Every structure is written in C-alpha cells, then in structure tokens.
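Each chain, letter by letter, is given below.
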Amino acid sequence: ALALPGSSTMFLLLPFDSLIVNLLGISLTVLFTLLLVFIIVPAIFGVSFGIRKLYMKTLLKIFAWATLRMERGAKEKNHQLYKPYTNGIIAKDPTSLEEEIKEIRRSGSSKALDNTPEFELSDIFYFCRKGMETIMDDEVTKRFSAEELESWNLLSRTNYNFQYISLRLTVLWGLGVLIRYCFLLPLRIALAFTGISLLVVGTTVVGYLPNGRFKEFLSKHVHLMCYRICVRALTAIITYHDRENRPRNGGICVANHTSPIDVIILASDGYYAMVGQVHGGLMGVIQRAMVKACPHVWFERSEVKDRHLVAKRLTEHVQDKSKLPILIFPEGTCINNTSVMMFKKGSFEIGATVYPVAIKYDPQFGDAFWNSSKYGMVTYLLRMMTSWAIVCSVWYLPPMTRETDEDAVQFANRVKSAIARQGGLVDLLWDGGLKREKVKDTFKEEQQKLYSKMIVGNHEDRSRS
C-alpha cells in the first residue's frame, strides 16, 4: 500500500504497476552490474576486453556503407560532392619573398634583379597577390574551425554532403541519434560522475597520509584509475606508441593541444604534475583535492601574468628530480587537429629535459577540437559525449635538451617541428593567440624589413661595384 504525501488516503499497488517497478529495479541492477564488470573494473586495472575496438570496426563499416549510399544519391540528382583538401590545406612549394619578386620582375622585364632600380612598380603585385591568397586561403583562422570529413559519420555537423541522403539514410541517422542521446549519453554521464567523484574522494583521503613511498604509490594509482574511468566516459580508443620514451621525473612533457581532454588522454597512461590557473566551482574543488595528494603547480589569477614568478616555480619543480614531470601545452590554445602552431618559449627557458608528445585524433568518430570562442565548456562536453567515440594516437618522442648554440625560441621550434612531423601535422609559425587577437604589428614589420633588406642590400652591392 502507498500513501499520498499529506494525505491519509491509502491505495493498493496494482499488479501491473508492481510488475513495472520490479522490471525497472531489475533493469537498473543489471545495468549497474554490466557497468561495473565491463567498464569500471577493467578501467581500474587498465585492461580491455576489446569491446570498444569491435564497436569501432562496426562503426567504420556503417560509415563506409552510408557514404556509398550518399554518393549514389548525389549522382542520381546530378550533384557534385564536396571534397575537402587533405588537412584543409592547399599544398604549395615554399618560396622566399625575394624569389617571388624576382619571378614577377622577370615576367615583366628582361632585366635581371641585380640591374633593376631600388623599386619597381611591379613589386606591388606581389603584396596584392599575397593579400588575396591570405583572404582566400587563410592558413591561420582555418585552424580554429572543425575539420571537414570526406566521408559521412552520421553526425550531420561534420559533413557538407549531409543534404544528399535518402530516406533509408535518414532513418539510420535518426536511429543513431536515439542511440547516442538515449543510451550513450546517460551511460557516459554516469561514468564521468563516477570518475570525478572517485578522484575527489580518493585524492582527499590520500592527502591525509604522511609523505612517503606508500602515499606516492596510492596517489599514482588513484589518479590513473580515475582518469581511465573518465576515458571510458568518452568511449576513447587510444593507441600509445613508443612507451619507452614516456616522460620521467624532473622533466617537462610538452604536447600539441587540440582539446581539454588531452590531459585525460595522457594522464590515463602516465603520472604527471599539472600546471594551471586556480579555478572556482567544481574545477576548484577538484584542484584542491588533487593538490593534497600530488604536487601540482596551481597559480592564482594575478600570478599567471607574472612570467618571472611562473618560471621560478617551474624551475624549482624540475630541479627536484624526485618530482613528477610537468605536463604543459605550449601553444596556449586549442588547434583543430590539423596543425601545430607557435610554442610559447617559457617552458623551454628553464633548462629542463623536454619530453615531446604528439597527439593526433581521428575525426571520423567525433571531433575532439574545442573552439572555445564559439562553444562553452558545457556545450563542448555535450557534443563530445554525443559523438560516437574519441579515437586518437599518441606518440612519445625521444627526450630533447637545449643545445649550447640554441636560444629558447629555436629550441621550442625544434621540438614543435618534431611533434608536427611525427603526428602528420602542419608546422606553422603563427601564434595561436590570433584566435582571439589581431595580427601583431611585429609580423607586419617583419615582411617590411625583408623587402627593405632586399632593396637596400641590392643598392649597396651596386654602389660597391
């Protein structure tokens, strides 16, 4: 019998209602048991039953079939399918400013560059062409938008060809929406809540233990366990390469940055000291709990802008060879998984051993890139958790140290080039801060200096002769 709140009226539970309640209870019990046995326990011990890889192979077959159907439908309607360039980039042979101007002058005159006056009107065409190329094929701003796919992955937001689908494909897409939002999303939220709760409780408890090897052992395994559960919350399928090069104590781990989950991807396979700004809310609770069990480096908002203070704190950390490697993303912002942009030099000035790591996501199953200027964190996490999966490869590169004839900028560029080369990414010199800021005057002045040097240099050569 049940009683309504605030009332003495009693009524009997109907047999049908009782059956529904029992079935619901049994379903929840079975679901929790499956969750515990096939996801949480394997995550704790770092093992896998191969379910996610089977799931990925099944998705690939469905994507291939859907793409063929879509192409067939486009042909029937005489539509031309959109085919993006590889990595969204038009391949061009690199040439210098002087070489291109020389070519323009030669095409307009038979005189060689050395015999020309200081300035020719035709030089203007070089800068006009460069300006138009930049507008048509801007290699910076395109790095802050989602990467376009050649095939269709049943996520309408990742392919322009979505409009050329049949009724059968529409039904398949609708079924995919139900699976992603009604099954995968609740499951992933439950796993994320479990992982974060265990991280806060576990690190808080470990924090009360006396410092020593036992505390370090527990802290490491609590972190790994919780991050692995969070990885399962994204149905992340990660392939780690060259694990013998994993970062060691007293060093700095630097990686290209595509998404906030880069931290989870790396921390589920290694034990790192995090660096970042102190936050409030839920993130602040997590940070305060984590720092009790592990020497993470958190900065107050006022301290972040003090470069000398930041460098001092980092130097003190890496000089203690017993402390964990620091995890840093030198780009300072998220790039869309096609390129690596300028590394800030601060991490490369303190004289520590640098352990480069390249991360490359497979956008077929879900776009991991976070466009922070377009989506808030909640919206971004919702998009991630309603994707099919997060698939990526991680390469641990051999450690690198600063050479005697290198400054911090040159060292940073060498590390960046190694990461780009290993990850199959485009190596760009531009600052990722251009996502939110205008081009610095120094970049414009650099082009002006190159042109001036070319003209003045030629003039001085003629004077000497």
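Per an unreviewed UniProt entry, the protein chain goes by 1-acylglycerol-3-phosphate O-acyltransferase 6 and derives from Mustela putorius furo. One UniProt comment on the protein chain, placed under Sequence similarities (unreviewed entry), says "Belongs to the 1-acyl-sn-glycerol-3-phosphate acyltransferase family." Turning to the protein chain, the UniProt annotation filed under Subcellular location (unreviewed entry) states: "Membrane".

Draft legend 1. Molecular detail of the overall build of the protein chain. If you tally the helices and strands in the protein chain, you get 13 helices and eleven strands. For the protein chain, the residues scored as buried account for 40% of the 465 residues in total. In the protein chain, the share of contacts with a sequence separation of at least 24, taken over all contacts with a separation of at least 6, comes to 76%. A total accessible area of about 26,400 Å² is found for the protein chain, and carbon and sulfur atoms account for 61% of it.

Draft legend 2. Main features of the UniProt feature "transmembrane region" (unreviewed entry) in the protein chain. UniProt marks residues 20-51, 165-183 and 189-210 with the feature "transmembrane region" (unreviewed entry), using the numbering shown here. The span residues 189-210 shows a helical share of 86% and a strand share of 0%, and its end C-alpha atoms are spaced 34 Å apart.

Draft legend 3. Broad picture of the pattern of salt bridges. The tally for this structure, following the rule as stated, stands at five salt bridges. The partner of Arg-243 in a salt bridge is Asp-269, with the nearest N and O atoms 2.9 Å apart. Placement of Arg-243 in the loop between strand 3 (236-241) and strand 4 (252-255) and of Asp-269 in the loop between helix 7 (262-267) and strand 5 (273-277) is noted, with a sequence separation of 26 residues between them. The class for Arg-243 is partly exposed, based on a relative accessible area of 41%. Accessibility expressed as a relative area gives 8% for Asp-269, which makes it buried. A salt bridge links Asp-269 to Arg-246; the shortest N-O distance between them is 3.5 Å. Of the two residues, Asp-269 is situated in the loop between helix 7 and strand 5 and Arg-246 in the loop between strand 3 and strand 4; the sequence distance between them amounts to 23 residues. In this structure, a network of salt bridges that share partners links the residues Arg-243, Arg-246 and Asp-269.

Draft legend 4. Focus on the sheet that holds strand 10 (residues 390-396). Read from one edge to the other, the open sheet built from seven strands follows the order 3-10-9-4-7-5-6, with strand pairing classed as mixed. Unpaired on one side and paired on the other, strand 3 and strand 6 (297-299) mark the two borders of the sheet. In this sheet, neighbouring strand axes are inclined to one another by 25 degrees on average, regardless of whether the strands run parallel or antiparallel. Of the pairings in the sheet, the one linking strand 4 to strand 7 (residues 326-328) comprises three bridges and is parallel in character. If you follow Val-254 over to strand 7, its bridge partner there is Ile-328.

Analysis parameters
Sequence order as written defines the numbering, with residues in each chain counted from 1. Residue-level local features of this predicted model are given only where pLDDT is at least 70; pairs of side-chain atoms are given and counted only at 80 or more, and the full residue set underlies all totals for whole chains, interfaces and linings. Heavy atoms throughout the structure, all of them, feed into the side-chain values; hydrogens and water do not. UniProt positions are given in the numbering used here, feature names are shortened, and annotations may be inferred rather than shown by experiment. The helix and strand labels rest on DSSP assignments: H or I over at least four residues marks a helix, E over at least two residues marks a strand, and numbering proceeds from the N terminus. Buried means the residue's accessible area, taken with a 1.4 Å probe over protein chains only, is under 20% of the maximum for its type, while exposed means over 50%, and partly exposed covers the values in between. By definition in these notes, contact holds between two residues if any of their heavy atoms fall within 4.5 Å. All accessible areas in this document rest on Shrake-Rupley with a 1.4 Å probe, and a residue is counted as covered only by the protein chains that are shown. Each reported salt bridge corresponds to a side-chain nitrogen of Lys or Arg within 4 Å of a carboxyl oxygen of Asp or Glu. Strand pairing is assigned whenever DSSP identifies at least 2 bridges connecting the two strands. Axis definition: a line fitted to C-alpha atoms, over the contacting stretch in the case of helices. Angles run 0 to 180 degrees between N-to-C directions.

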